[in-house]
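For reference, the chains in residue letters:
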Amino acid sequence: MNSGHQHRIFGRRAQEHILILASGDKVRHMTVRPWMAALAFCFVGVFSIGYLLATSYLVLRDDLIGATMARQARMQHDYEDRIAALRAQVDRITSRQLLDQQVVEDKVDKLMEQQMALTSRHGKLDNLLDRAESSGLTEKDGAPTPSSPVQSYVPDVKDKRASLSGTGIEAIEKQLASGAPADATPDNTTLAYVPATDTVGDRADRIFSKVTLSLKDVEQDQRSRVEQLTSDAGNAANAIETVLTRFKIPMPETAARKDDDDAVGGPYIEPESNDGFNNSLAALDGALTRLEAVRSTAESLPFRNPAIGKDVTSPFGNRRDPFLGRLALHSGIDFRFSPGERIRPTAPGKVISAGWTGGYGNMVEIDHGNGISTRYGHMSEVLVKVGDTVDRNDVIGLAGSTGRSTGTHLHYEVRQDGHAVDPVYFMNAGLKLATYIK
């Protein structure tokens, strides 16, 4: 045998197969090599596996589709649940915001009411404080200014609605922006309940509460000041009345009340407000009215010294007459004056006598009301005439030595109900009233 056909047991090549095809007279053959057989086997195997897989897919397709649809349905339900939860959260937040806005509007309404009340009180207090100042109860620089703290706390809100929708609410939000955000939105990974945080309404409520407390403190301070002024006005009126009573001067409010009751009337209507602060203002008004009445009466009477700093040359009372040398009543007080020095009255009044009057020489008599008059004698020249109304600062004449006089001086006399009284009583009373009258 040839060496090409003989092989060893190990490593012997596989024999090639010959495929013979006969068709009629034609005979064909084809050599089937080993690799071709392997390739055909692989192809058949792959085809078989594919067929089996396709068959399995067709068999299991409905189950796979059902499982996929169920999973998608579960995912859809989960997302719908999340959307519903978020929508509910948004509704809660929106409702809370609307509620907060309503709370802010209500608070602003209350603040505006308090502002209107304080504005109304401001006008009344200004008038009363001016009256108290003119009565000597307060100083111009030290007068209480109750309106200054209202402006520090009460915002200048001209239109509540516009302020809430525009710059006003922005200003409030700036004051409220110091805390944590009011809205909290849960993320997509959880639907757990989100605890309520500090909202704008809560912070607004706290701030407005502080403002309200501050306004109450301001009101309490105002009321304390008003009560103090009322007490001071009452004490001053009592002090003046005590002095006037000693001189048997009728109290002006008694006469005024009697005159006013002669022509008054009308149906009874309940007062506009029973507010305690308004009552205190009414009490202060009554005290100031009483003080002004008695103070006006006191200022119209000769309680001042007609010759401050001048020497007294002869007091009131019995003395030896300088011309006759015997005992006589001196009905006034003599003050040393320089010739031509100006003489002013001790209180306002009406001139009832002006000119030469016997031993008085050139004399001016002034009526001050309530039966009290003053006389100024021995003047070198009279500068007023009967019927003139004079004030304390008007010059009524010049000092001289006319009439029964031994030298230049002023004879000052006070008369009550036509009788001469010691002017020292009036001047001493004037020292006590110095803090209450001008």
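A brief look at the structure comes next. (Residues numbered from 1 in each chain as written. Predicted model: local features only at pLDDT ≥ 70, side-chain atom pairs only at ≥ 80, totals over all residues. Heavy atoms only, no water.)

## Observations regarding the overall build of the protein chain
Line of reasoning, step 1. Looking only at helices and strands, one finds eight helices and 14 strands in the protein chain.
Line of reasoning, step 2. Every one of the 438 residues in the protein chain was classed for burial, and the buried ones make up 31%.
Line of reasoning, step 3. Considering only contacts within the protein chain whose residues lie at least 6 apart along the sequence, 67% involve residues at least 24 apart.
Line of reasoning, step 4. For the protein chain, the exposed surface amounts to about 28,300 Å²; the carbon and sulfur share of it is 55%. (Helix = DSSP H or I, 4+ residues; strand = E, 2+ residues; numbered from the N terminus. Buried < 20%, exposed > 50% of the residue type's maximum accessible area, 1.4 Å probe, protein only. Contact = heavy atoms within 4.5 Å. Areas by Shrake-Rupley, 256 points an atom, 1.4 Å probe, with all protein chains shown as cover.)

## Observations concerning a nonpolar patch on the surface
Line of reasoning, step 1. A surface patch of nonpolar side chains, about 610 Å² in accessible area, is lined by Phe43, Val44, Phe47, Tyr51 and Leu52.
Line of reasoning, step 2. Relative to the assigned elements, Val44 resides in helix H1 (residues 34–134). (Patch = residues over 30% accessible without salt bridge, like charges linked within 9 Å, V, L, I, M, F, W, Y side chains within 5 Å. Salt bridge = Lys/Arg side-chain N within 4 Å of Asp/Glu carboxyl O.)

## With respect to the environment of Arg392
Line of reasoning, step 1. Tracing the chain through its elements places Arg392 in the loop between strand S11 (389–390) and strand S12 (397–399).
Line of reasoning, step 2. By relative accessible area, which is 30% here, Arg392 ends up partly exposed.
Line of reasoning, step 3. Here the alpha-carbon distance between Arg392 and Pro302, two residues 90 residues apart in the chain, equals 9.6 Å.
Line of reasoning, step 4. Sequence-distant contacts of Arg392, defined by excluding residues within four places in its chain, comprise Arg304, Arg344, Pro345, Thr346, Ala347, Pro348 and Lys438.

## Considering the nonpolar core
Line of reasoning, step 1. Ranked by internal contacts, the top residues of the largest apolar core, which has 49 residues, are Leu244, Phe303, Ile343 and Ile396.
Line of reasoning, step 2. Contributing elements (two or more residues each) for this core: H1, helix H5 (200–246), helix H7 (276–299), strand S6 (333–336), strand S9 (362–367), strand S10 (372–382), strand S13 (409–416) and helix H8 (423–432).
Line of reasoning, step 3. Counting residues in each nonpolar core, the second largest holds seven residues, with Leu111, Leu118, Phe208 and Leu215 among its members. (Core = buried A, V, L, I, M, F, W, Y, C linked by side-chain atoms within 4.5 Å.)

## Notes on the pattern of salt bridges
Line of reasoning, step 1. Applying the stated rule across the entire model yields 10 salt bridges.
Line of reasoning, step 2. Salt-bridge contacts for Glu241 lead to Arg290; the nearest nitrogen and oxygen are separated by 3.0 Å. One end of the pair, Glu241, is in helix H5; the other, Arg290, is in helix H7, and 49 residues separate them in sequence.
Line of reasoning, step 3. Its relative accessible area of 14% is what places Glu241 among the buried residues.
Line of reasoning, step 4. Each of Glu365, Arg375, Glu413 and Arg415 takes part in salt bridges that share partners, so that together they form one network.

## Brief notes about the packing of aromatic side chains
Line of reasoning, step 1. Counting across every chain of the model gives four aromatic pairs.
Line of reasoning, step 2. Between Phe303 and Phe426, the aromatic rings sit 5.6 Å apart at their centres with planes inclined by 35 degrees, giving tilted as the arrangement. In this pair, Phe303 is assigned in the loop between H7 and strand S3 (312–314) and Phe426 in helix H8, connecting sequence segments 123 residues apart.
Line of reasoning, step 3. Between Tyr376 and Tyr412, the aromatic rings sit 5.5 Å apart at their centres with planes inclined by 45 degrees, giving tilted as the arrangement. In this pair, Tyr376 sits in strand S10 while Tyr412 sits in strand S13, placing the two residues 36 residues apart along the sequence.
Line of reasoning, step 4. Residue Tyr412 is classed as buried on the basis of its relative accessible area of 0%.
Line of reasoning, step 5. Among the aromatic residues, ring-to-ring pairing joins Phe247, Phe303 and Phe426 into one connected group. (Phe/Tyr/Trp six-rings, centres within 6.5 Å; stacked < 30°, edge-to-face > 60°.)

## A closer look at unusual backbone geometry
Most peptide bonds are trans, and most residues other than glycine sit at a negative phi.
Line of reasoning, step 1. Backbone geometry places Asn370, a non-glycine residue, at a positive phi of 60 degrees.
Line of reasoning, step 2. You can see Asn370 is positioned in the loop between S9 and S10.
Line of reasoning, step 3. We classify Asn370 as partly exposed; its relative accessible area is 37%.
Line of reasoning, step 4. Phi angles above zero are rare outside glycine, and His378 is one such case at about 65 degrees.

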